[in-house]
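Architecture at a glance
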Amino acid sequence: MKETIRAKLSKLSARLEEVNILLSTEDATKDIEKYRQLSKEHAEISPISLAYKSFLEGEKNIEGAKELLDDPDLKELAEDDLKKNLEDLDRLEADLYRMLLPKDPNDNKNVYLEIRAGTGGDESSLFAGDLFRMYLRYAERQRWNVEVIAESITGLGGYKEIVVKLSGKNVYSRLKFESGGHRVQRIPATETQGRVHTSACTVAILPEANEIDEVELSHDELRIDTYRASGAGGQHVNKTDSAVRITHLPTGIVVECQDDRSQHKNKAQAMSVLAARIKNQKISAQQAEEAATRKLLIGSGDRSERIRTYNFPQGRLTDHRINLTLYKLQSAIDGELDELLDALTTEYQTEQLTDIMSSQ
């Protein structure tokens, strides 16, 4: 282990002792906000300190096993013990490096999932529907809540656009690498000559802003229009101007919401989506700045960037960013995405570890 990393771990262990003392004082709860911060810090440092303690014990065990190698009666036992302890130490070291990786402040956030049809006409809209159902099934497996915010349904049952809110544990952490261009290769249902067509959709994963104020939305920079929501006809046609369209003038971002019959609720939902889109724009700008100094294996998250191909004739799913091909396309479409998402996370963490190692 590098001495700079060892020094950082020692410092964290010392800090944990300080936090333990501060939390155990009689007046620890007098300042509730400070108490919460200390408790959070304790929760973050404790597992790292515990792992480092195990690492140091492993080093002692290795030294003890080496001392026994000179004893003919214990040599064989010592060699086995040494091998096992070296393997355990390597694993512990890798775990410690992983624990020291920078935390993404958005990992625990809920997200807005936006899917838009791209090139390919009706087939692209149908593919957008397939992607929506894929993420919906994955959300069900994760026991996340799903709320449709806005949708534009085509005549064939596809979507020109659909925006949903996904709420639950580690939603952004699991889906943050899904933003980008998704391409499908298959024979459309409307194709009479059996030819394979290529269509595309764009997906955006937007972390929810905790508060509208986090993005600083000024009413002077907003144009808010209300209009009558479109419906299926008959008694379901909305007879009031409940639909809301909000335009953020500085960026040109436009958000529409008409899913609810309440104008107040539609406006609140639209403001929340707008805040998430502006926040995502800031994140993208930050990623672009990072990309200028180092390679990002997982890509910039740009919606125009092609990240994945779904080839139905071959039953193949390929993620182009990490050169991963899985012949489990139907399983993925059915919402079994963990293998793919785990691979993306591992590649990203590997890149982060490489950066940490090279910068020390």
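These figures come from a predicted structure and were not determined experimentally.

The next subject is the pattern of salt bridges. Scanning all chains against the criterion turns up 26 salt bridges. Residue Lys-165 is joined to Glu-208 by a salt bridge in which the shortest nitrogen-to-oxygen separation is 2.9 Å. Here Lys-165 is found in strand E3 (residues 159–167), whereas its partner Glu-208 is found in the loop between strand E5 (197–207) and strand E6 (222–227), with 43 residues between them in sequence. Note on accessibility: Lys-165 and Glu-208 belong to one class, buried. Linked by salt bridges that have partners in common, Glu-114, Arg-116, Glu-161 and Arg-277 make up one network.

The end-to-end C-alpha separation of helix H3 (residues 75–99) is 36 Å, in line with the 36 Å expected for 25 residues at 1.5 Å each. Of all the residues in H3, the buried ones are Ala-78, Leu-82, Asn-85, Leu-89, Leu-92, Glu-93, Leu-96 and Tyr-97.

Further remarks concern the nonpolar core. In terms of nonpolar packing, the biggest core is built from 35 residues, with Leu-113, Ile-115, Leu-131, Tyr-135, Leu-166, Leu-175 and Tyr-310 touching the most fellow members. Those elements giving two or more residues to this core turn out to be strand E1 (111–117), helix H4 (121–142), E3, helix H5 (171–175), E5, helix H7 (329–333) and helix H8 (338–359). By residue number, the principal contributor to this core is H4, which donates eight residues. In this view, Tyr-135 contacts Leu-113, Ile-115, Leu-175, Glu-178, His-182, Val-203, Arg-308 and Leu-337; residues no more than four positions away in its chain are not counted.

What follows covers the sheet that holds E6. The sheet built from three strands is open, its strands ordered E6-E7-E8 with antiparallel pairing. Unpaired on one side and paired on the other, E6 and strand E8 (253–257) mark the two borders of the sheet. Looking at each pair of strands side by side, their axes are set apart by 15° on average, direction ignored. Examined bridge by bridge, E6 and strand E7 (residues 243–248) share six bridges and lie antiparallel to one another. Following the sheet pairing, Tyr-227 is matched in E7 by Ala-243.

Another aspect to go through is the pairing of strand E4 (residues 180–186). Of all seven residues in E4, six are buried, a share of seventy percent or more. In this structure, E4 lies alongside E5, joined through seven bridges in antiparallel fashion. Across the sheet, the residue bridging to Gly-180 is Val-203, located in E5. Judged from the five bridges that link them, E4 and strand E9 (residues 306–311) form a sheet pairing that is parallel. Looking at the pairing, Val-184 lines up with Tyr-310 of E9.

Next up on the list: the sheet that holds E3. Strand order in this open sheet of eight strands is E2-E3-E1-E5-E4-E9-E10-E11, and the pairing throughout is mixed. Each of the sheet's edge strands pairs with one partner strand only, and the pair in question is strand E2 (145–153) and strand E11 (324–326). Geometrically, the sheet is characterised by an average inter-axis angle of 15° between neighbouring strands, direction not taken into account.

Let's shift gears to the packing of aromatic side chains. Under the definition given, this model contains five aromatic pairs. Summarising the aromatic geometry, the rings of Tyr-52 and Phe-55 are spaced 6.5 Å apart at their centres and angled 15° between planes, so their arrangement reads as stacked. Residue Tyr-52 and its partner Phe-55 are located together in helix H2 (residues 32–67), separated by three residues, close to a single helical turn. Judged by relative accessible area, Phe-55 falls into the buried class, the value being 1%. A ring pair is formed by Phe-132 and Tyr-159, whose centres lie 5.7 Å apart and whose planes are at 75°; its orientation type is edge-to-face. Here Tyr-159 lies in strand E3 and Phe-132 lies in helix H4, a separation of 27 residues in the sequence. Judged by relative accessible area, which is 9%, Phe-132 ranks as buried. Looking at Arg-186, its charged tip hangs above the ring of Phe-312, at a distance of 4.9 Å from the centre.

Quick notes on the rules
Residues numbered from 1 in each chain as written. Predicted model: local features only at pLDDT ≥ 70, side-chain atom pairs only at ≥ 80, totals over all residues. Heavy atoms only, no water. Salt bridge = Lys/Arg side-chain N within 4 Å of Asp/Glu carboxyl O. Helix = DSSP H or I, 4+ residues; strand = E, 2+ residues; numbered from the N terminus. Buried < 20%, exposed > 50% of the residue type's maximum accessible area, 1.4 Å probe, protein only. Expected span 1.5 Å × (residues − 1). Core = buried A, V, L, I, M, F, W, Y, C linked by side-chain atoms within 4.5 Å. Contact = heavy atoms within 4.5 Å. Pairing = 2+ DSSP bridges. Axes fitted to C-alpha atoms, helices over the stretch in contact; angles between N-to-C directions. Phe/Tyr/Trp six-rings, centres within 6.5 Å; stacked < 30°, edge-to-face > 60°. Lys NZ or Arg CZ within 6 Å of the ring centre and 35° of its normal.

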